[in-house]
Amino acid sequence: MKTEDIPKRYRKMYERAIAGKLSAKQAIKCHCIHCFGWKASEARKCENTSCPLYPLSPAAEALRERQNSPEEDLSGNVQEQD
Ligand code: SF4
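Residues numbered from 1 in each chain as written. Predicted model: local features only at pLDDT ≥ 70, side-chain atom pairs only at ≥ 80, totals over all residues.

Student: So what exactly am I meant to see when it comes to the overall build of the protein here?
Tutor: Scanning the protein from N- to C-terminus turns up four helices and zero strands. Counted from the first residue to the last, the protein has its helices and strands arranged as α-α-α-α. Counting every position in the protein, which comprises 82 residues, the buried fraction comes to 12%. Expressed as a percentage of contacts within the protein between residues at least 6 apart in sequence, the contacts between residues at least 24 apart total 22%. (Helix = DSSP H or I, 4+ residues; strand = E, 2+ residues; numbered from the N terminus. Buried ≥ 20, exposed ≤ 12 C-beta atoms within 10 Å, placed from the backbone. Contact = placed C-beta atoms within 7 Å.)

Have a look at this one:
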């Protein structure tokens, strides 16, 4: 992969990953963003649960956040609070 093909905002993260300067979780995040054409918002929507990296992916993290949110049930409906 050519560095110039990477959007500028992700180049430093990519270079740090290649240099082994990111944690495993951060490197997986970098890979997932790359997997979705350098679109972080799309990577957070990945549903490929058969991917070995999925449990540590931004998508799995986003899912856990949604499941732990008291304001949102699993159907995606926002519950009103008193
Ligand atoms: S978890 Fe999804 S986004 Fe991440 S590498 Fe696997 S398929 Fe790609």
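Student: Any chance you could explain the nonpolar core here in plain terms?
Tutor: In globular proteins that are soluble, nonpolar side chains generally tend to be buried together. With seven residues, the main nonpolar core is built from Tyr14, Ile28, Cys30, Cys32, Ile33, Ala43 and Ala59. Looking at this core element by element, the count peaks at four residues for helix 2 (residues 24–35). Excluding residues that lie within four positions of it along the chain, alanine 59 makes contacts with Ala43, Arg44, Lys45, Cys46 and Tyr54. (Core = buried A, V, L, I, M, F, W, Y, C linked by C-beta atoms within 7 Å.)

Student: Looking at this structure, I do not really get the site of the ligand. What am I missing?
Tutor: Looking at the ligand, the residues that line it are His31, Cys32, Cys35, Phe36, Ala43, Cys46, Asn48, Cys51, Leu53, Tyr54 and Ser57. Of all the elements, helix 2 adds the most residues to the shell around the ligand, at three residues. Looking at the shell around the ligand residue by residue, the classes come out as eight nonpolar, three polar and no charged. (Near = placed C-beta within 6 Å. Nonpolar A, V, L, I, M, F, W, Y, C, P; charged D, E, K, R; others polar.)

Student: What am I meant to see in unusual backbone geometry here?
Tutor: Its identity is not glycine, yet tryptophan 38 carries a phi of approximately 65 degrees, on the positive side. Mapped onto the secondary structure, tryptophan 38 falls in the loop between helix 2 and helix 3 (40–43).

Student: Just checking my understanding: could you explain the packing of helix 1 (residues 8–18) against helix 2 for this structure?
Tutor: To describe two helices that pack against each other, one gives the angle between their axes and the distance between the axes. Helix 2 packs onto helix 1 with a crossing angle of 125 degrees between their chain directions and a minimal axis gap of 10 Å. Regarding the angle of helix 1 to helix 2, the classification is oblique. By crossing handedness, the relation of helix 1 to helix 2 is classed as left-handed. Of helix 2, the residues touching helix 1 (which contributes Tyr10, Met13, Tyr14 and Ala17) are Ala27, Cys30 and Ile33. (Axes fitted to C-alpha atoms, helices over the stretch in contact; angles between N-to-C directions. Parallel < 35°, antiparallel > 145°, perpendicular 65-115°, else oblique. Left-handed = near helix turned anticlockwise from the far one by under 90°.)

Student: Would you take a moment to explain the environment of asparagine 48 for this structure?
Tutor: Mapped onto the elements of the fold, asparagine 48 is located in the loop between helix 3 and helix 4 (58–68). Judged by the 12 C-beta atoms lying within 10 Å of it, asparagine 48 is exposed. Sequence separation of asparagine 48 and alanine 60 is twelve residues, and the distance between their C-alpha atoms is 9.9 Å.

Student: Which parts of the structure should I look at to understand the environment of arginine 44?
Tutor: Tracing the sequence through the fold places arginine 44 in the loop between helix 3 and helix 4. With 19 C-beta atoms packed within 10 Å, arginine 44 lands in the partly exposed category. Measuring from C-alpha to C-alpha, the distance between arginine 44 and lysine 29 comes to 9.4 Å, with 15 residues separating the pair along the chain.

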